[in-house]
Amino acid sequence: MSPMAKLPLALASMVLVLGSASCGSAPSPTPSASASSSPTPSPTAAPSPDAIAPNILARDPAEGGLLDASGIRVTFSEPVQGVDGASFQLASPGGVIGAIVNLDAGGRTATLVPGAPLSFATAYTVTLSGLVHDQAGNRLDRTSWTVSTSNVVRFSPGTYTGYQFGDSPSHLTALKRSTVASLSEATASDWQTIDDAGYLLVDAGILAGYWVHGEVDGTARDDLTASIPGLPACDYVDLPAARVGYGQWGTTVLDTVFQLPRGYAPPDLVDTSRAGLNGSFFIRAIAEEDLAAMIKAAGSAGAHLAVQSAYRSYAGQVLTFDGWVSQSGYEQALRVSARPGHSEHQLGTAIDFKTVGGIAPWRYADWATSTEGAWLATNAWTFGWLMSYPKGGSALSCYSYEPWHYRYVGRTTAAAVHAAGTTLREWLWAQGYGVR
Ligand SMILES: [Zn+2]
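These numbers come from a predicted model, not from an experiment. Every chain is numbered on its own, with residues counted from 1 as its sequence reads. Under the rules for a predicted model, residues below a pLDDT of 70 receive no local features and side-chain atom pairs below 80 are neither given nor counted, while totals for whole chains, interfaces and linings still include all residues.

1. Quick word on the overall build of the protein chain
- Helix numbers and strand numbers start at the N terminus; a helix is a DSSP run of H or I with at least 4 residues, a strand a run of E with at least 2. What the protein chain contains, in helices and strands, is seven helices and 23 strands.
- Any residue with 12 or fewer other C-beta atoms within 10 Å of its own C-beta is exposed, any with 20 or more is buried, and the rest are partly exposed; the C-beta atoms used are placed from the backbone. Counting only residues that meet the buried cut, the protein chain has 37% of its 436 residues in that class.
- Long-range contacts, defined here as pairs at least 24 residues apart, represent 63% of the contacts in the protein chain between residues at least 6 apart. Here, residues touch in the contact sense if the C-beta positions derived from the backbone fall within 7 Å of one another.

Right, here's the structure in full:
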């Protein structure tokens, strides 16, 4: 987790609130151990003009205690002086925290109130230095102890997404969603910022072992208000896609990371011949009308399109991927084909086009330079179809350039993606469809 930046809530650079007025009253240089001189004459006849150093009678919070915004309170055995921002400090692993330090009129109770919000689930060190002394100049033994802020995460009723990351925030290794019906709590062991959003590492309870969106006060944020983490790297992992309802066909994010369930098989497949194409291939009925309109318009423009491949079941994709592996090897197959569950063809809304009577489109140097490929590249979006893997976009789309592979997302979404000028995967992810 080291690449992640610690949330800079407890800025070490905060200006210390120093009690400069006390700087003029330096403690007596006389070491208390060599108190051979007569007791310091006191104008008010202190009960024991002394050679005894002050000590701490009480501290709140004490060692291992819970620190909150109200800060720290210390009671001394006798009136002391020299308590200020230099002698009474609170430090996080990142450095000293700006704070307001006060000593009560009797000189027996000192308080330290943090000047900035404290970090969640973090250990702090409290230090009182030997600059603190009694009226006779006897110094307090330097004392320090450790306190911690709360590690309790509160979940209000709602739906939460947990993320497990690999060696960097963009490397998702697992994802889990959980719905909470009533207020509940869990513990957390760390707090990080990832893509400028705060995350809590939950140790016990709901979503244990996952980072969840959270606030510095330990409140988890539900999916509706949570920010969206950055586009994941194109790792070859198997995370469940967020939107796998048959009604969510236009927004399902499928790539090398997210996959459909094995049993995902749309119930409304129709033969592509119904849209004026060669038959014995299948697409979902929801795409038929716009597909037919597109094929008709293409034909009128002299672009004669045919289907190379359309719907493929999970089992069909097993055969397809294995075919590429045996032909080109596993590494190359990963770049040009989807592993089972990761293919848009399983959605029933993707078609690999070709030219009527032509060879397979991937056997062209660039099928987009053919009459048919060029017409689609220019016009398909106006009919609700998008080229999923455009030229130069493989780092973002996760697959090599495929000028023949189009996915139906509906005219509204296609127009929005076209206007955004991004790949479909980027656009869907930015809407939060990758995780909600
Ligand atoms: Zn395809």
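2. Digging into the sheet that holds strand β5 (residues 95-96)
- The strand order across the open sheet formed by five strands is β2-β9-β8-β4-β5, and the pairing between neighbours is mixed. If you trace the sheet from one side to the other, it starts and ends with β2 (66-67) and β5, each paired once.
- As judged from the two bridges shared by β2 and strand β9 (residues 143-149), these two strands associate in the parallel manner. Across the sheet, residue leucine 67 finds its bridge partner in β9, namely threonine 149. In this analysis, strands are considered paired if DSSP registers two or more bridges between them.

3. Focus on the sheet that holds strand β20 (residues 305-309)
- The strand order across the open sheet formed by four strands is β20-β21-β23-β22, and the pairing between neighbours is antiparallel. Two strands lie at the open edges of the sheet, namely β20 and β22 (385-387), each paired on one side alone. Direction aside, neighbouring strands of the sheet carry axes that sit 45° apart on average.
- When β20 meets strand β21 (residues 350-355), the two strands line up antiparallel, connected through four bridges. Across the sheet, valine 307 pairs through a bridge with phenylalanine 353, a residue of β21. Only C-alpha atoms enter the line fits that serve as axes; for helices the fit covers just the stretch in contact. Angles between N-to-C directions range over 0 to 180 degrees.

4. Examining the environment of aspartate 134
- Structurally, the position occupied by aspartate 134 is in the loop between β8 (123-128) and β9.
- Taking C-alpha positions, aspartate 134 is 6.2 Å from proline 54, a pair spaced 80 residues apart along the chain.
- Those residues within four positions of aspartate 134 in sequence are excluded, and the remaining contacts are Pro54, Glu78, Pro79 and Val80.

5. Regarding the confidence of the model for the protein chain
- Here pLDDT means the predictor's own confidence in every residue, given as a number from 0 to 100. Overall, the prediction assigns the protein chain a mean pLDDT of 88, with 89% of residues at 70 or greater.
- Below a pLDDT of 50 lies the segment residues 1-43, which in the model reaches 70 contacts outside its immediate sequence neighbourhood of four places, other chains included.

6. Focus on the nonpolar core
- Note on terminology: a nonpolar core is any set of buried Ala, Val, Leu, Ile, Met, Phe, Trp, Tyr and Cys residues joined through C-beta atoms within 7 Å. Leu200, Val202, Val212, Ala380, Trp385, Leu386 and Tyr406 are the most contacted members of the largest nonpolar core, which has 73 residues in total.
- Split by domain, the residues of this core number at least three in each of domain 2 (152-213) and domain 3 (239-430).
- Of all hydrophobic cores here, the second largest spans 22 residues; its members include Leu103, Ala110, Leu112 and Val147. Each domain's extent is set by a domain assignment, obtained either automatically or from a database.

7. Re unusual backbone geometry
- Omega for the peptide link from aspartate 60 to proline 61 comes to 0°, which places this bond in the cis form.
- Here proline 61 shows up in the loop between β1 (56-60) and β2.
- The phi angle at leucine 207 is positive, at roughly 60°, despite the residue not being glycine.
- Summarising the element assignment, leucine 207 is placed in the loop between β14 (197-204) and β15 (211-213).
- A positive phi angle is found at serine 280, which is not glycine, with a value near 70°.
- Its 9 C-beta neighbours within 10 Å are what place serine 280 among the exposed residues.

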